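# A structural walkthrough
What follows is the residue order along each chain.
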Amino acid sequence: MRHFGHIAPAVREALFFREPCEFGAESSPRMLSAALGATLYSPATRPRLADDIIKQAGRGVVSMVLCLEDSIDDSEVVDAEENLVRQFAELDARGVEGPLLFIRVREPGQIVDLVHRLGRTVRMLSGFVLPKFTEERGVPFLEALAKAEKACDQRLFAMPVLESPELLYLETRSETLRGIARTVDTYREQVLALRLGVTDFCSAYGLRRAPDMTAYDVQIVGSVIADVVNVLGRADGTGFTITGPVWEYFRLQERMFKPQLRRSPFLEGRAEELRTALIEHDLDGLLREIELDRANGLLGKTCIHPSHVAPVHALSVVSHEEYSDAQDILRPERGGGGVMRSAYTNKMNEVKPHRAWAERTLRRAEVFGVAKADVGFVELLAAGLAE
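Below is a short write-up of the structure.

## Details of the environment of L170
With respect to the helices and strands, L170 occurs in helix α8 (residues 170-186). C-alpha separation for the pair L170 and S223, spaced 53 residues apart in sequence, amounts to 9.9 Å.

## Let's talk about the pairing of strand β5 (residues 125-130)
Strand residues, when the strand is regular, have side chains that alternate between the two faces of the sheet. By the criterion of burial, β5 is predominantly enclosed, with 6 of the 6 residues buried. Since strand β4 (residues 100-104) and β5 lie parallel, the crossover through helix α5 (residues 109-118) that links them has a hand, and here it is right-handed. Pairing between β5 and strand β6 (residues 157-162): 4 bridges, direction parallel. Across the sheet, the residue bridging to V129 is M159, located in β6. Handedness of the β-α-β unit built from β5, helix α6 (residues 135-152) and β6 comes out right-handed.

## A few points about the nonpolar core
Ranked by internal contacts, the top residues of the largest apolar core, which has 71 residues, are I103 and F128. Filtering out sequence-adjacent residues up to four positions away, I103 remains in contact with L66, L68, L84, F88, L114, L118, L125, G127, F128 and V129.

## Brief notes about the sheet that holds strand β9 (residues 301-303)
Strand order in the closed barrel made by the 8 strands is β2-β3-β4-β5-β6-β7-β8-β9, with parallel pairing throughout. Going across the sheet, the axis of each strand differs from the next one's by a mean of 30 degrees, ignoring polarity. Where helix α3 (residues 49-57) meets the sheet, its contacts fall on β2 (38-43), β3 (63-67) and β4, and the angle it forms with β3 comes to roughly 160 degrees.

## A short note on the environment of P140
Here P140 is to be found in helix α6. P140 gets classed as partly exposed once you look at its relative accessible area, which sits at 35%. Between the C-alpha atom of P140 and that of M1, which follows or precedes it by 139 residues, the distance is 33 Å.

## Describing a negative patch on the surface
Judged by side-chain charge, D73, E76, D79 and E82 come together as a negatively charged surface patch. Judged by relative accessible area, E76 falls into the partly exposed class, the value being 31%.

## Let's talk about the environment of A80
Structurally, A80 is set in helix α4 (residues 77-94). Between the C-alpha atoms of A80 and T214, which are 134 residues apart in sequence, the distance is 32 Å. Once residues within four sequence positions are removed from consideration, A80 is found in contact with A44, T45, L68 and I72.

## Remarks on the packing of α4 against α5
Look at α4 against α5: their axes get within 10 Å of each other, and the N-to-C directions meet at 40 degrees. Pair α4 / α5 crosses with right-handed handedness. Residue-level contacts link V77, E81, E82, L84, V85 and F88 of α4 to Q110, L114, R117 and L118 of α5. The class makeup of the residues in the contact of α4 with α5 is 6 nonpolar, 1 polar and 3 charged.

## With respect to α6
For α6, built from 18 residues, the straight-helix expectation of 26 Å at 1.5 Å per residue is met to within 8% by its first-to-last C-alpha distance of 26 Å. Within α6, the full set of buried residues consists of G138, F141, L142, A144, L145, A148 and E149. Along the axis of α6, the buried positions cluster into a sector of 160 degrees, meaning they face one direction only. Residues of α6 that are exposed and angled more than 90 degrees away from the buried face: E136, K147, K150 and A151.

## Regarding empty space enclosed by the protein
The probe, sized like a water molecule, is rolled over the atoms to show the empty space still left. For the structure shown, the criterion picks out 2 cavities of 30 Å³ or more. Considering only enclosed or pocket space, the largest cavity measures out at about 80 Å³ in volume. Along its surface, the largest cavity is lined by I290, D293, R294, L298, L299, G300, K301, V312, L315, S316 and R364. Element by element, the count of residues in the lining of the largest cavity is highest for helix α12 (residues 283-295), at 3 residues. Per-class residue counts for the lining of the largest cavity are 5 nonpolar, 2 polar and 4 charged. For the lining of the second largest cavity, the element with the highest residue contribution is helix α13 (residues 309-314), accounting for 3 residues. Partitioned by chemical class, the residues of the lining of the second largest cavity number 3 nonpolar, 5 polar and 1 charged.

## Some points on the pattern of salt bridges
Following the criterion strictly, the structure yields 34 salt bridges and no others. Residues D185 and R188 are paired through a salt bridge, measuring 3.1 Å at the closest nitrogen-oxygen approach. What makes R188 partly exposed here is its relative accessible area of 25%. D325 is the salt-bridge partner of K347, the closest N and O atoms lying 2.9 Å from each other. Linking K347 in the loop between β10 (339-341) and β11 (348-350) with D325 in helix α14 (residues 320-329), this pair joins segments that are 22 residues apart in sequence. Each member of the salt-bridge network shares a partner with another, and the members are E69, D70, R104, K132, E163 and D200.

Rules used throughout
- Residues numbered from 1 in each chain as written.
- Predicted model: local features only at pLDDT ≥ 70, side-chain atom pairs only at ≥ 80, totals over all residues.
- Heavy atoms only, no water.
- Helix = DSSP H or I, 4+ residues; strand = E, 2+ residues; numbered from the N terminus.
- Buried < 20%, exposed > 50% of the residue type's maximum accessible area, 1.4 Å probe, protein only.
- Right-handed = clockwise from strand over helix to strand, strands pointing away.
- Pairing = 2+ DSSP bridges.
- Core = buried A, V, L, I, M, F, W, Y, C linked by side-chain atoms within 4.5 Å.
- Contact = heavy atoms within 4.5 Å.
- Axes fitted to C-alpha atoms, helices over the stretch in contact; angles between N-to-C directions.
- Patch = residues over 30% accessible without salt bridge, like charges linked within 9 Å, V, L, I, M, F, W, Y side chains within 5 Å.
- Areas by Shrake-Rupley, 256 points an atom, 1.4 Å probe, with all protein chains shown as cover.
- Salt bridge = Lys/Arg side-chain N within 4 Å of Asp/Glu carboxyl O.
- Lys, Arg positive; Asp, Glu negative; His and termini not counted.
- Charge placed at Lys NZ, Arg CZ, Asp CG, Glu CD.
- Left-handed = near helix turned anticlockwise from the far one by under 90°.
- Nonpolar A, V, L, I, M, F, W, Y, C, P; charged D, E, K, R; others polar.
- Expected span 1.5 Å × (residues − 1).
- Arc of directions from axis to C-beta.
- 1 Å grid on protein atoms, 1.4 Å probe; cavity = no way out; pocket = protein on both sides within 12 Å on 5 of 7 lines; lining within 4 Å.
- Points joined across faces, edges and corners; volume = space filled by probe spheres on them.

Spelled out as structure tokens, the structure:
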């Protein structure tokens, strides 16, 4: 699979200076963690789940989480597990390539049990999402994952969700973060990415952000994100990929503030119609939050609606200017450091301080591609939505 693989090759060629690479479940953890993109969550109770998975893959989704936790009622868990087994069997019978699939479980015992019940169809499973992850709760989950891997003789990844109140509360945050860091470092080979559960953070204080506000506007949430990145997202080789928080809105809400999308990028062709549609569906706030995610060291995003996928992927593509800067910074002859004017003559590129940024940018370029110099996110978004 590849990002933007669902659009016609001729359209992709017109958009990209460097097209996104192909990857699959067998690819390296380094590539897969960067390639997760918009990870679409779906309740495991959906009766036509196999159809849904195939449909979303055809629309550009490359990673999905099938949820047995907060998205379903406690009374539905048994039926949802049985449904997962049936739906994996149906996917297997169809023989189609789907997205990377993860199951969000409630308890460690579900991991070994589900792997056993899935049988040979477990080959379509990439791993498990581990809720409310702390050192105390996380170790049993990761031990169960190791046991399940051994039982099915297949690589399975963990994606812990950082969402517990202990991580939010000031008096317990530091020790909780240290415990999480110890745990994920011990099981580094199994941990694909760390996910942020901002809805649970807000719940601890009875908060809910409005559609014209981002997670970073809720300062108590923004402070937790900053601390998580500080401890777990370092660029010195000890850090992990940390994904952006969920965007909750997908239908028109009463708006208090002005739209956040400027008109100027949307002036050509039918782009103004696209701008209007984005605003009407509260996606202008999503676009701003995606930009803030990346500015704060996050990559990819948890999504609960298919309409969020194309914006996440369009804004994940590396611009030609970013690519040019990153390549200049990482040229072998620049190994000794120094400062240079960018090829676009609009900024300073300082080799040593900007090296980690450049390396991260080229990783993103590998999986999401590099846009042509005259192509912006509007064209990429329009192409993704048109298919």
